[in-house]
Structures are given as C-alpha cells and as structure tokens.
Amino acid sequence: MNNVQKQKITKFSSNAIATTMFSTAVKASPEEENINQTVIMAADDGSVVNENKVPKQVNVHVGDDASTSANFTYTTIEESPSKVVLNKVGDSNKITFEGTSGVGTGNKYFHGISTTGLQPNTKYEYTVGDGVNTFNGTFKTAPAKGSKDSFKFVYLADTQVSNGTDAKALGANFEEISKRDDIDFVYLAGDQTNTAADESQWELLFNNSGLYQNGGQNMFAHKLVTIVQGNHDNNTMNRHINAPAQEGNIVYSFDYGPAKFIMLNLEAARSDANARDKQQAFLRAKVAEAKASGQWTIVGFHKSLYTGASHITDSDIVDARKYWSPIFAELDVDLVLQGHDHVYSRGFVTANGQKGEVTKNADGSIQDPRNIPLYMVGGHAGGLKWYSKKPNYTVTPGDPVAPNYSFLDVNSTDDQSDVKQEQWSTEIEVSNNKISIKSYAFKYNTNSDTITTNRYLYDSLDLERNVASAGITGSELGIADVNQEISYTASLKDVRNTNAFNMEVEYDPNVMEFVKVESLLEGTIFSNVKNENGKASIVVGTQNLITNTTNTNIAKFTFKMKETAEAGNTNVKLTKADSAQAVIEDGKIVGAFDTTPVYDSDKVDTTIYTYTKASDINGDGKVTLADLSISLGNYQGTNTKCDINLDGVIDAKDFIIISSKMAS
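These numbers come from a predicted model, not from an experiment.

Rules and cut-offs
- Residues numbered from 1 in each chain as written.
- Predicted model: local features only at pLDDT ≥ 70, side-chain atom pairs only at ≥ 80, totals over all residues.
- Heavy atoms only, no water.
- Buried < 20%, exposed > 50% of the residue type's maximum accessible area, 1.4 Å probe, protein only.
- Helix = DSSP H or I, 4+ residues; strand = E, 2+ residues; numbered from the N terminus.
- Pairing = 2+ DSSP bridges.
- Contact = heavy atoms within 4.5 Å.
- Patch = residues over 30% accessible without salt bridge, like charges linked within 9 Å, V, L, I, M, F, W, Y side chains within 5 Å.
- Areas by Shrake-Rupley, 256 points an atom, 1.4 Å probe, with all protein chains shown as cover.
- Salt bridge = Lys/Arg side-chain N within 4 Å of Asp/Glu carboxyl O.
- Core = buried A, V, L, I, M, F, W, Y, C linked by side-chain atoms within 4.5 Å.
- Domains from an automatic or database assignment.
- Axes fitted to C-alpha atoms, helices over the stretch in contact; angles between N-to-C directions.
- Left-handed = near helix turned anticlockwise from the far one by under 90°.
- Nonpolar A, V, L, I, M, F, W, Y, C, P; charged D, E, K, R; others polar.
- UniProt positions renumbered as here; feature names shortened; annotations may be inferred.
- pLDDT = per-residue confidence, 0-100.
- Phe/Tyr/Trp six-rings, centres within 6.5 Å; stacked < 30°, edge-to-face > 60°.
- Lys NZ or Arg CZ within 6 Å of the ring centre and 35° of its normal.

> Let's hear about the pairing of strand β11 (residues 109–115): which residues, and what values?
The element β11 is extensively covered by neighbouring structure, given that seven of its seven residues are classed as buried. Residues Y109, H111, I113 and T115 line one face of β11 and the alternating positions F110, G112 and S114 line the opposite face, and both faces are buried. Sheet topology places strand β7 (residues 70–76) next to β11; seven bridges connect them, and they run antiparallel. If you follow Y74 over to β11, its bridge partner there is H111. Where strand β10 (residues 100–103) and β11 come together, four bridges link them in antiparallel fashion. Residue pairing for β11: V103 is matched across the bridge by Y109.

Listed below in structure tokens is the structure:
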C-alpha cells in the first residue's frame, strides 16, 4: 500500500500527497558533540527497542489548513527515519508521510513532517518513528471550511518553563487538559520556555519530575496546538514546534468552525517596520475574509497591549499599542488573546484605550459591541513568576490607554494573583452566535508536590452576537406545469436595524425562464434587478430601518417553466442573502456593517409536472371527453390518476384543467 518515492512523496492509489521540508541539517557546535550512550531494551514481541531512536517531545501543530493538514515535530538522540503513520480512529486504513530531519541543539535530531489531504472534523491516531522505536498519539482536524459547528479550545498564556521546579506546576496544568475529550485544541500565547535555545527547558516542557511527570507530553501528544512567538521564544521555536509561515515566521491564519484565527508575530514586527506593515495587510485581508463569511475574528499575539500588570507602559508595548489598537478597533476584531504579563485580565477597549460601553442582555451575556475588541491576558500557565500592578503609571501623549487600568473589567491583581501565585487556564467555547469564556485557577505546591488549592472557576463571560438566518420557499405543492409561472420567496430571520439587502438565487436557464423579482418590503425606495447566466438578484433599499426577530420576507422571484422543460425535478438555490446593519448613536445612523447569514434552507426543489400529460387519464395520447368522463366518475373518489392538480381531492379544479387541455 505504501509506495514511498525518492522525492519524499508518499503515494496511495491515485492520490499523491506531498510533504514539505521542515528544517535543514545544522552542524552541532563543538560543545554539543557529545555522544549519548545507546539504551537497548526488549519490546514485548522480542524486538529490540533503541531508546535513543524513540521519538521524544512529540507535538502536532495546525497546518496551513487546519481542516486538512497538520505539522508533526519530534526529536531523537540518534538518527532515524522521519515518518508518521496515520489512520482515522476506528479505521484500519493507514497512510504514511515522510519528512526531514537535521541535527540541532543538544546534538539531537529534530524531525519535521507536514501532512496534507486529511479529512476535516476527523479524529486520527498516529504513530511517529520507525520500526519498534515509535510513539503513539491522537489529534482532531478542524471542521470543513464554512462549517458553523461549535468547538472548544484552551487558552494558555506563558508556559515559560525555566527550571525543574516551575515545570512541575505547568505539568499539572497540562495533565488536566490532556484528560479532556471536549477540548479540540490548545492555544499557547507565547513564551513556551524562558530561554529559547536552552534545550533542557524544552525537555522540561514535555516531562518534569513532579506529580504529573508526563503531563506536558500527554497534552502535546493528544491535543492539536497553535502557538504565537513570545519575547522569550525564537522564530523557529528551537525547531521543536512547526507553525505555518504565511506572512513571515509564525504569522498565519486558520479557520475553525465559525471563527477565523489570525496569529501575528509582534516580536518580528516591533523591530521591522516592513514586517509590521506586511502583517497589517495580512490582518486586513483575513478579517475581510472572516466578515464576508460571517465568522468571528480572533487575533492572537504575545505582548499584551492592554493588561492588568506592570508591563503596561513598556516602551515597545506603547509603540505597538499606538500602531495596532486603532486597527483592531477599525476592523471590528472580536477577541484579542495576549500573554506576557503573567496576570489574568479582560476588558472591552476602544480605539483610544478607554473602557468601551457594552450592552448587557437579560441573561447576563454581553452583546458583541461594534469596533470595541475584547482584550484578554490569560494569566500564567506555569509556576515561574507573577507580575503586580504598576501604581499610578504615566500615560504619555498619543498613547491610547486610560490611566490606572480603568479600561479593564477584570484584573486578577485586584484579588492578589501576584501573591497567590496560581496556575491559570481559560476555556473558550465558540458557536455561531456566542463565545463563552471560563477562566480557571488552581495552586500546585512545588515543595510538597501537591495541589493545595483545587481548580476553581475564577471568571466567566458570554459574548453574543445577532446572526440572521436566511431561507427560501416555493409554491405549497412544489409542482409546476410547462408554461406555468412559479414564484419563490427569499427571507431573513432576526433582522436588526437594517435598510439594505442583496438577495440572489441560482436557477437552471435551460428549464426556467426569468420573469421578474420584486421587493416585498414596506417602504422600499430603491431596487436594482439583475439576471444573467442563471443567476437573478435584487438589491433593495428601504426608507426606514427594519428590526424583526421573526421571519421577514425580502423578495419574490418569479419564473416560467419553459415549454421544452421535461418532466422531472429542478431547483432554485438561494446563493446570497446579505444585509447591512446600521450603527445608531443618538437616534442617527453613524455607520453600518455588512452581515452574512446562516442558511436554514437554501434550496427549493420543484417537480415539473405536465398537466397535459396528466389529463390523458386513459393513456391514448390525447385529451378528450373520455378522459373528462373518467374523472367525473371519480368525483371526490380515491383514484389518484384523476387528481390532476395533486391537491388530494378530485373536484371541479381537476375537471377545469382537463377541459382546458382538450383539443379544440
């Protein structure tokens, strides 16, 4: 089954899936030229296991397309083939990918394998390594692009392993996450270790000497991860984690259900104006894609623009805040997930750094505000350090930040997080109309290797948005005769402060002839109709804003079945149901934004039913008095042949149709 070619392409039947190069070989420095002693063990089947060839520090990062690709990395002490074997859970059909390896820090071999062509929303089992020197794990791909399926991920800020002591606390956090079947992936908000080039810290990230020694490896083995670069990281993650590079190293975006994640590298941007401008263009393009698709926009990077602790006025952060904050507000980014300051904080912050005004719903949730992103800092996932507030910090001219942390709604330093020194994690569940945030803390005592404060819910927030749903309906019976006109109604549910609509349907011009499309909205003052290449559309403008949480009929499309249409089925599909929601201030429209709905029903099937043929009840090839006589004899009867209009009743309506089809 596996036909591996020299070009590192693995071919399965007619489907060839290519792998890409992860790294090139790097010559070890003289101080790294130590030779590790080979450890030989016996496997259960009597095979010889060489521990120096068994994969370590195994992890799986999202690929360029989180639905269909993933990037594997691992290390071995001795050289061995770079290989991963995958199969869907419960499926014995296996696919093999090969990658590349090179010698790096600690004289280890660093292996990288990029897999593509995977199935969306699928849980895979994998084996990395070769022969009996292997390691097993699992991961799940993202839903297919365009999916509105809900999902849940964990947000961890600053794992930042420095030594064997703080690694134990982080291991406990990782272990908890590894056990959770409801977690789809883990977002690491930078500073994976304290010193990027210190290989011992990377080893402690995966394995420690505490109560949960394999907590890190357990988590990385079974959860897809997505990362950003922190100031303690380098832009290769010391070759341990392989993130996509779509606009520079560790700058990438991916879709996951109803959300688009955009991961920026502010470490690269802060010292390179060209890189910063390219990242801005990348951000703008990806946000535009998200808005056009009706997705949430979630941005991730490391150094926090808005935070509750002491880095608030660092010069590079002030510079980044001046540049990025107005852009995030302008683009209407929904959620910004940061790290760096080892504090838990959140707040809706305006473009000029003030606390944003938000609307609280009856159930306590917050209505997603326009152009006011929610900024979060996720605490500290490990056990290294916790920062305090910076009292009475000075706001310099032009810096878009309010004094005294007044832009925040929650700041854990108010609850002495810098004294309690707990471990933090945040679970974020995303559906099409809601983001639910739950932040937890617990205390791992690194002296006694015990959990002295059990995990507890510290903070929660539900962020909701209005999402219109679109649909299309046809005639009640869903049938039409040749030369007969038939109409279809396009509608929207949950319309708010809207006065502009664009509805489009797709039809088969070989079967149907376009007649007209008209607005069904009261107060229509403008409409523009187009019909070409089997697509008919209407743009409608109304004098007054429309708000209706139930169904609103927008437009009626009328077609005529062509005389040449053959009996069978045809359909009309609703391909566009866009609208623009106005932004109201002091009773006036001060702006508007485009909205894209979800589709409850996007297609109507119509049966082409020829009354002439149906009226030939006796099947002699013509419609005569004999056919009418048969039908009259079955008045209000059960002979379905005589129910010409298919309404379930044999009556005068059927007799009229038959008589109209009789030859003169």
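That covers the picture; the talk isn't over yet.
> Run through the side chain of T558, naming residues and quoting values.
Turning to its location among the elements, T558 is positioned in strand β34 (residues 535–561). Apart from residues lying up to four places away in sequence, T558 is in contact with E485, I486, S487, E513, F514, V515 and K516.

> Describe a nonpolar patch on the surface, with residues and values.
A grouping of I525, F526 and V539 is seen on the molecular surface, where their side chains present a nonpolar patch of about 280 Å² in accessible area. Judged by its relative accessible area of 45%, F526 falls in the partly exposed class.

> An account of the nonpolar core is requested, with residue identities and associated values reported.
Among the nonpolar cores identified, the biggest contains 76 residues, and F72, L86, Y126, F139, F153 and F261 are the most heavily contacted of them. The leading source of residues in this core is strand β14 (residues 151–156), at five residues. Taken together, domain 1 (52–141) and domain 2 (142–464) each give at least three residues to this core, which thus spans both. Of all hydrophobic cores here, the second largest spans 34 residues; its members include I486, V505, Y507 and A577.

> How would you summarise the packing of helix α1 (residues 164–178) against helix α3 (residues 215–222) if you had to cite specific residues and measurements?
Running from amino to carboxyl end, α1 crosses α3 at an angle of 35°, the nearest separation of the two axes being 7 Å. As α1 packs across α3, the resulting crossing turns out to be left-handed. Of the residues in α3, those in contact with G171, F174, E175, I177 and S178 of α1 are G215, G216, N218, M219 and F220. Residues of the contact of α1 with α3, tallied by class, amount to four nonpolar, five polar and one charged.

> Let's hear about the UniProt feature "domain: Purple acid phosphatase N-terminal" (unreviewed entry) in the protein: which residues, and what values?
With numbering matched to this structure, UniProt assigns "domain: Purple acid phosphatase N-terminal" (unreviewed entry) to residues 55–135. For residues 55–135, helix accounts for 0% and strand for 57%, while the C-alpha atoms at its two ends are 6 Å apart.

> Explain the pairing of strand β16 (residues 224–227) residue by residue, including any values.
Residues L224 and T226 line one face of β16 and the alternating positions V225 and I227 line the opposite face, and both faces are buried. Sheet topology places strand β15 (residues 185–188) next to β16; four bridges connect them, and they run parallel. Its bridge partner being in β16, V186 is matched across the sheet by V225.

> So what's going on with the UniProt feature "domain: Calcineurin-like phosphoesterase" (unreviewed entry) in the protein? Which residues, and what values?
Feature annotation in UniProt assigns "domain: Calcineurin-like phosphoesterase" (unreviewed entry) to the following positions: residues 152–344. Taken end to end, residues 152–344 has its terminal C-alpha atoms 20 Å apart, with 37% of it in helix and 19% in strand.

> Requested: an account of the confidence of the model for the protein, with residues and values cited.
When pLDDT is averaged across the protein, the result is 90; 93% of the residues are at 70 or more. Counted against residues more than four places away or in other chains, residues 1–38, with its pLDDT under 50, gives 74 contacts.

> Help me get a handle on the packing of aromatic side chains, residues and values and all.
Tallied over the entire structure, the rule returns 32 aromatic pairs. Ring centres of Y124 and F139 lie 5.6 Å apart, and the angle between their planes is 15°; this geometry places the pair in the stacked category. One end of the pair, Y124, is in strand β12 (residues 123–130); the other, F139, is in strand β13 (residues 133–140), and 15 residues separate them in sequence. Per residue, the accessibility class of Y124 equals that of F139, and both read buried. When the ring of F301 is compared with that of F328, the centres are 5.8 Å apart and the planes differ by 15°; the resulting orientation is stacked. Of this pair, F301 sits in strand β19 (residues 296–303) while F328 sits in helix α6 (residues 315–330), and the two are 27 residues apart along the sequence. In this structure, F301 and F328 share a single accessibility class: buried. What links up through ring pairs into an aromatic cluster is the set F151, F153, F185, Y252, F254, Y256 and F261. Over the face of the ring belonging to Y306 we find R321, whose NZ or CZ atom lies 5.8 Å from the ring centre.

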